[in-house]
Amino acid sequence: MKTELIQDAELVTNYINGNESALSVLIERHKQKIYSFIYSKVYDRDVTEDVFQDTFIKVIKTLKRGKYNEEGKFLPWVMRIAHNLVIDHFRKNKRMPKFHNTGEFSIFSVLSDSTLNAEKVLIKDQVETDVRRIIEELPEDQKQVLLMRMYQDMSFKEISERTGVSINTALGRMRYALINMRKVIEQNNIVLTN
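Residues numbered from 1 in each chain as written. Predicted model: local features only at pLDDT ≥ 70, side-chain atom pairs only at ≥ 80, totals over all residues. Heavy atoms only, no water.

For the protein chain, the name recorded in an unreviewed UniProt entry is Sigma-70 family RNA polymerase sigma factor, with Winogradskyella damuponensis as its organism. Per UniProt, the protein chain carries the Sequence similarities (unreviewed entry) text "Belongs to the sigma-70 factor family. ECF subfamily." (UniProt positions renumbered as here; feature names shortened; annotations may be inferred.)

Right, here's the structure in full:
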């Protein structure tokens, strides 16, 4: 039987069921793409090797814990892990400063940065994803005010008129939205960069 004909999904299932060589086939099949992707972001062979190894350590741990959800997308899933580990590498090496809470929640300035290199694009994408996920966790009234203020650039007077609440209520909802976002960031150890 030729290993090229075995689908990734079947190899993943075989590995989960104890066939260690199935993972070797997957790694061999996709190593060039994954390695090239990592190298194109870090431009350093040693770092690329480390991130590549860390990627497959994470893949193995996730598969062994039964946390992988097969949807026929093994390679994109592995690439996403590699992508996240590249971002972690940049954060650990302080090539991108961490977001420090100075009282004013200014993460939205990161999202509007127009002078981005490839490294910053990766991190900006991750920050946008993290911020969207955090916003989704807010109560509906707070989320509504925050989206109107930050993404639709509406004044509190306009928000008040649109939502039918007083300006003070709109201000309060915005304040609580930012407080709740900070709590989620701290509880989940989310690192936002600027």
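So, on to the packing of helix H8 (residues 156–163) against helix H9 (residues 167–187). Close contact between H8 and H9 brings their axes to 8 Å; oriented N to C, the two are set at 105 degrees. When the interaxial angle is binned, H8 and H9 end up roughly perpendicular. Contact with H8, carried on its side by Phe 156, Lys 157, Ile 159 and Ser 160, involves Ile 167, Ala 170, Leu 171 and Met 174 of H9 and no other residues of that element. For the contact of H8 with H9, the residue count by class is six nonpolar, one polar and one charged. (Axes fitted to C-alpha atoms, helices over the stretch in contact; angles between N-to-C directions. Helix = DSSP H or I, 4+ residues; strand = E, 2+ residues; numbered from the N terminus. Parallel < 35°, antiparallel > 145°, perpendicular 65-115°, else oblique. Contact = heavy atoms within 4.5 Å. Nonpolar A, V, L, I, M, F, W, Y, C, P; charged D, E, K, R; others polar.)

Let us look at the packing of aromatic side chains. Taken as a whole, this structure holds six aromatic pairs when the rule is applied. Seen in terms of ring centroids, Tyr 35 and Phe 52 are 6.2 Å apart; in terms of plane orientation they differ by 65 degrees. Their pairing is edge-to-face. Taken together, the positions of Tyr 35 in helix H2 (residues 20–42) and Phe 52 in helix H3 (residues 45–64) put the pair 17 residues apart, joining distant regions of the chain. For the pair formed by Tyr 35 and Phe 52, the shared burial category is buried. Arranged with centres 5.9 Å apart and planes meeting at 55 degrees, the rings of Phe 74 and Trp 77 form a pair that is tilted. On the criterion of helical spacing, the pair formed by Phe 74 and Trp 77 is a turn pair, its members being three residues apart in helix H4 (residues 74–92). Given a relative accessible area of 2%, Phe 74 falls into the buried group. Given a relative accessible area of 22%, Trp 77 falls into the partly exposed group. An aromatic cluster is built from Tyr 35, Phe 52 and Phe 56, whose rings are joined through pairwise contacts. The aromatic ring of Tyr 39 is capped on one face by Arg 45, whose charged end is 4.8 Å from the ring centroid. Seen from the ring of Tyr 176, Arg 175 lies directly overhead, with NZ or CZ sitting 5.4 Å from the centre. (Phe/Tyr/Trp six-rings, centres within 6.5 Å; stacked < 30°, edge-to-face > 60°. Buried < 20%, exposed > 50% of the residue type's maximum accessible area, 1.4 Å probe, protein only. Lys NZ or Arg CZ within 6 Å of the ring centre and 35° of its normal.)

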